[in-house]
Amino acid sequence: MEKALYIIPTTLGDTPTDHVIPSFNHVVIAQIKFFIVENVRSARRFLKKIDKNIDIDTLTFYELNEHTDLHTVDRYLVPLETGDAVGILSDAGCPTIADPGAAVIALAQRRRFRVIPLVGPSAPLLAIMSSGFNGQNFAFNGYLPAKPAARVQRLRQLETRLYKENQTQLFIETPYRNMKLIETMLTVLRVETKLCIAAGITCPEEYIRTMEIAEWQQTRIPDFSKIPALFALYR
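Note on numbering: residues in each chain are counted from 1, in written sequence order. Per-residue local features are limited, in this predicted model, to residues with pLDDT of at least 70; the limit for side-chain atom pairs, both in listing and counting, is 80 or more; totals at the level of whole chains, interfaces and linings are taken over all residues. With hydrogens and water stripped out, all remaining heavy atoms of the structure feed into the side-chain values.

(A) Quick look at the overall build of the chain. Each helix corresponds to a stretch of at least 4 residues labelled H or I by DSSP, and each strand to a stretch of at least 2 residues labelled E; elements are numbered beginning at the N terminus. The number of helices and strands found in the chain is nine helices and ten strands. Note on method: radius of gyration uses C-alpha positions; expected globular size equals 2.2 Å times residues raised to 0.38. For the chain, the C-alpha radius of gyration of 19 Å lies close to 18 Å, the compact-globule estimate for 235 residues. Taken along the three principal axes of its C-alpha coordinates, the chain extends 60 × 35 × 30 Å. Each of the 235 residues in the chain was classed as buried or not, and the buried ones make up 49%. Any pair of residues with heavy atoms lying within 4.5 Å of one another is described as a contacting pair. The contacts in the chain between residues at least 6 apart in sequence include a share of 75% that link residues at least 24 apart. The protein chains shown are the only cover counted for residues, whose accessible areas, like all others here, come from Shrake-Rupley with a 1.4 Å probe. For the chain, the computed accessible surface area is about 12100 Å², with 51% contributed by carbon and sulfur atoms. Positive charge is attributed to Lys and Arg, negative charge to Asp and Glu, and no charge count is given to His or to the chain ends. In this description, the location of a charge corresponds to atom NZ of lysine, CZ of arginine, CG of aspartate or CD of glutamate. Distance between charge centres in the chain, computed from 27 positive and 25 negative side chains, equals 4 Å. Buried, partly exposed and exposed residues are distinguished by accessible area as a fraction of the type maximum, computed with a 1.4 Å probe on protein chains only: under 20%, between the cut-offs, and over 50%, respectively.

Following this line, the structure appears as structure tokens:
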């Protein structure tokens, strides 16, 4: 097992791991004893799905999320200094992509530790692959502002950019605010602007559809208030 920080993608929902996680990842994960995780409980559940024979109680977990004091994360890399591998997991998808992790990876880079990204599902990439939008020039903008006025302003900024720069604009929202975001987009964006809604990607409830705003305005839209979704805009 090479001494390195392994960036390990997880499933985007309850999808069976063998549908979206390569078998090579299983082999790597089974050998790692130290994990940097967004949430210990979900990490333990994911590891058991990967290999039911993993002895969870022999593993060491370090939490890295929005509550973590980033001044303390240097201790998470101590196993690398003693010759052990470390894995980093988020709750869903790829670490650092709309998830924590960048701080400890940046630290590993500064200290010249090897960083190895493993293949796995990434919601932004899967969404743009299936949207029909420009995959040569795109921007992932994370979460939009929660306050209505700021959100409208941001949406108009992104729409201006996509027409001016021919750049696909992607963003996400907390599930319980998905429907309000959709309502706002259908109200403030140009009727000819294209919107892709990609919800429940790789899961049984997967829904991916691209239409112009004018078409969405005439469509009965499913309830996405409990389903993780990603939104993409293009001209």
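(B) Representation of the packing of helix α7 (residues 148-165) against helix α8 (residues 178-188). Only the stretch in contact is used when fitting a helix axis, every axis being a line fitted to C-alpha atoms; angles between N-to-C directions are given from 0 to 180 degrees. With their axes 11 Å apart at the nearest point, α7 and α8 run at an angle of 60° to one another. Accordingly, the angle class assigned to the pair α7 and α8 is oblique. Judged by the sense of rotation from one axis to the other, the crossing of α7 with α8 is right-handed. For the pair formed by α7 and α8, the contact residues are Arg151, Val152, Leu155, Arg156 and Glu159 on the first element and Lys180, Leu181, Thr184, Met185 and Val188 on the second. Across the contact of α7 with α8, the residue classes tally to five nonpolar, one polar and four charged. Each angle gets one of four labels, with under 35 degrees taken as roughly parallel, over 145 as roughly antiparallel, 65 to 115 as roughly perpendicular, and the rest as oblique. By definition, turning the near helix anticlockwise from the far helix through less than a right angle yields a left-handed crossing, and turning it clockwise yields a right-handed one. As a working rule, the residues Ala, Val, Leu, Ile, Met, Phe, Trp, Tyr, Cys and Pro are called nonpolar, Asp, Glu, Lys and Arg charged, and the rest polar, with Gly in that last group.

(C) Quick peek at the nonpolar core. Take the buried Ala, Val, Leu, Ile, Met, Phe, Trp, Tyr and Cys residues and link them wherever side-chain atoms come within 4.5 Å; each set so joined is a nonpolar core. Counting 25 residues, the largest nonpolar core has Leu155, Phe171, Met185 and Phe231 as its most contacted members. Of all elements in the fold, only α7, α8, β8 (194-199), β9 (207-212), α9 (213-217) and β10 (229-234) reach the threshold of two or more residues within this core. With five residues, the top contributor of residues to this core is α8. Sequence-distant contacts of Met185, that is, excluding residues within four places in its chain, are made with Leu155, Phe171, Leu195, Ile213, Phe231 and Leu233. Core analysis: the next-biggest nonpolar cluster, separate from the first, contains 22 residues, Tyr6, Ile8, Leu47 and Ile116 among them.

By themselves, these are just geometric observations and shouldn't be taken as functional.
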